[in-house]
Amino acid sequence: MRGALSRGLRALLLSLPMLLPAVMPAAAQAEALCPPQAEPAPSQAQWLDAMPGPTDRGLLWRVEKDEHVSWLYATVHVGRRDWIVPGATVLSALASADRVAFELDLLDPGVLQRLQRAARVPPGQPPLPPDLAARLDQALSEACVGRGLDGLRPELQVITLVSLSLRRDGLDPVWGIDGWLARLAHARRQTVVSLETPEQQIALLTGRRPQDGVEAVRRGLAEIGDPASRRVALRLAELWAGSDAAALEDFAQWCDCLGSEAEREAHRVGVEARNPAMAERIATLHQRGSRVFAAVGALHMVGPQGLPALLARRGFRVERVLPAEVPVPARQ
């Protein structure tokens, strides 16, 4: 099914935290069974004063062509509060750019409006079967989101719930790295651009037929309670935080989530198939003279179809900066 990603990937790669209500209802927060809410965000002044942070996290590449330099930075879309302050290496790379690129710039009001419009239930779409609608309502109640997701396509409600299910493990879409880097770029009055469109991302998450949406909801509800899926998401986030490039490159070997043809196809559609267009957009911006800092989900950066490899094939000189590549000793 076109809109269903393999287990453990939705929570980090294609979560939609922008669709969450800005403030959870106070009554919901008080319920004993509710997941823990995110800590209050620091004020912008407090956050900016904390920079640079003591630790660089994630993966960073320097890409050079036509005598100027751009950057690729791997992110995660859910995180921990102490991850949102970039370290000195990442901060320096970001500051050197005159274009900062994300999958979507959700601080652009026009982009956000288009995303929210595309996420609404389309006219004439049949409702979920009653038993499945009841299960979704129960999951929404247990997540304590109130009525904040009303009106959204059921597939997107479930994907948001999958993202929120990691709050019990200390990960929250509120602390997604892309969003905080976008805040920083806008605060510095850098030019921020989107590599994709809202309509493209919504199309990835939803099926062409009503039955596709029904199946996506069934799978998503099963994923919320799947310990294996949660372990994959947690490990992927911690590997990102530890800048463990080798383990991230080996994702397909340890995730136990690409075993079936359906899972491999979903990964291809949801991750790999998006990379050529993003690489083209980054290359075009760079070749027009921009110094680009492109921040994209970590799994878009790894393997032979990852953005560093695709740009290398376009003639860019690509060097991993974080973690630093270990030079291979010359043979005697």
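Residues numbered from 1 in each chain as written. Predicted model: local features only at pLDDT ≥ 70, side-chain atom pairs only at ≥ 80, totals over all residues. Heavy atoms only, no water.

Peer 1: Residues and numbers for the sheet that holds strand S2 (residues 68–75), please.
Peer 2: Pairing between the strands of a sheet is mediated by backbone hydrogen bonds and can be parallel or antiparallel. Across the sheet, six strands lie side by side as S4-S3-S5-S2-S1-S6; this open sheet has mixed pairing. At either end of the open sheet lies a strand with only one pairing partner, and these are strand S4 (191–194) and strand S6 (317–322). Put simply, the sheet's adjacent strands are angled 20 degrees from each other on average, direction ignored. Relative to strand S5 (residues 292–297), strand S3 (residues 99–102) is paired through four bridges, and the arrangement is parallel. Along S5, the bridge assignment pairs Arg 99 with Val 292. Set on the sheet, helix H15 (residues 275–287) makes contact with strand S1 (59–65), S2, S4 and S5; between it and S5 the angle comes to about 170 degrees. (Pairing = 2+ DSSP bridges. Helix = DSSP H or I, 4+ residues; strand = E, 2+ residues; numbered from the N terminus. Axes fitted to C-alpha atoms, helices over the stretch in contact; angles between N-to-C directions. Contact = heavy atoms within 4.5 Å.)

Peer 1: How would you explain the pattern of salt bridges if you had to name every residue and give the values?
Peer 2: Summed over the entire model, instances satisfying the criterion amount to 13 salt bridges. Where Arg 147 meets Asp 150, a salt bridge forms, and the shortest distance between an N and an O atom there is 3.0 Å. By relative accessible area, which is 61% here, Arg 147 ends up exposed. A salt bridge links Arg 274 to Glu 196; the shortest N-O distance between them is 2.6 Å. Taken together, the positions of Arg 274 in the loop between helix H14 (261–270) and H15 and Glu 196 in the loop between S4 and helix H9 (198–205) put the pair 78 residues apart, joining distant regions of the chain. Across the pair, Glu 196 and Arg 274 agree in class, each one buried. (Salt bridge = Lys/Arg side-chain N within 4 Å of Asp/Glu carboxyl O. Buried < 20%, exposed > 50% of the residue type's maximum accessible area, 1.4 Å probe, protein only.)

Peer 1: If you had to explain the confidence of the model for the protein chain to someone new, which residues and values would you point to?
Peer 2: Summing up the model confidence of the protein chain, the mean pLDDT is 84 and the portion of residues at 70 or higher is 88%. Per-element mean pLDDT across the protein chain ranges from 36 in helix H2 (residues 26–30) up to 98 in S1. The low-confidence segment residues 1–32, where pLDDT is below 50, has 98 contacts with residues more than four positions distant or belonging to other chains. (pLDDT = per-residue confidence, 0-100.)

Peer 1: Describe the nonpolar core, with residues and values.
Peer 2: Counting residues in hydrophobic clusters, the biggest one holds 72 residues, and the most contacted among them are Leu 72, Tyr 73 and Phe 293. Considering every element that reaches this core, the biggest residue donor is helix H11 (residues 227–241), with eight residues. (Core = buried A, V, L, I, M, F, W, Y, C linked by side-chain atoms within 4.5 Å.)

Peer 1: How would you summarise unusual backbone geometry if you had to cite specific residues and measurements?
Peer 2: Here Met 51 and Pro 52 are connected by a cis peptide whose omega angle stands at -5 degrees. Tracing the backbone shows Pro 52 in the loop between helix H3 (44–49) and S1. Phi at Glu 67 is positive, roughly 65 degrees, even though this residue is not glycine. Owing to a relative accessible area of 79%, Glu 67 belongs among the exposed residues under this scheme.

Peer 1: Break down H9 for me, citing the residues and quoting the values.
Peer 2: Within H9, burial applies to Pro 198, Gln 201, Ile 202, Leu 204 and Leu 205. Mapping the buried residues of H9 onto a view down its axis gives an arc of 155 degrees, with all of them on the same face. Residues of H9 that are buried sit in contact with helix H5 (109–119), helix H7 (154–164) and H14. (Arc of directions from axis to C-beta.)

Peer 1: Any details on empty space enclosed by the protein? Residues and values, ideally.
Peer 2: Counted under the stated rule, the structure contains four cavities of 30 Å³ or more. Roughly 70 Å³ of volume is contained in the largest cavity. Residue lining of the largest cavity: Thr 55, Arg 57, Tyr 73, Trp 83, Ile 84, Val 85, Pro 86, Ile 177, Trp 180, Leu 181 and Trp 240, and that is the complete set. A per-element tally of the lining of the largest cavity places helix H8 (residues 177–187) first, with three residues. Of the residues belonging to the lining of the largest cavity, the class tally is nine nonpolar, one polar and one charged. Taken as a whole, the second largest cavity holds about 60 Å³ of empty space. Considering the residues around the second largest cavity, the lining is formed by ten residues, among which Ser 165, Leu 166, Glu 223, Ser 229 and Arg 230 are closest to the centre. Counting only elements with at least two residues in the lining of the second largest cavity, the list comes to helix H10 (210–224) and H11. (1 Å grid on protein atoms, 1.4 Å probe; cavity = no way out; pocket = protein on both sides within 12 Å on 5 of 7 lines; lining within 4 Å. Points joined across faces, edges and corners; volume = space filled by probe spheres on them. Nonpolar A, V, L, I, M, F, W, Y, C, P; charged D, E, K, R; others polar.)

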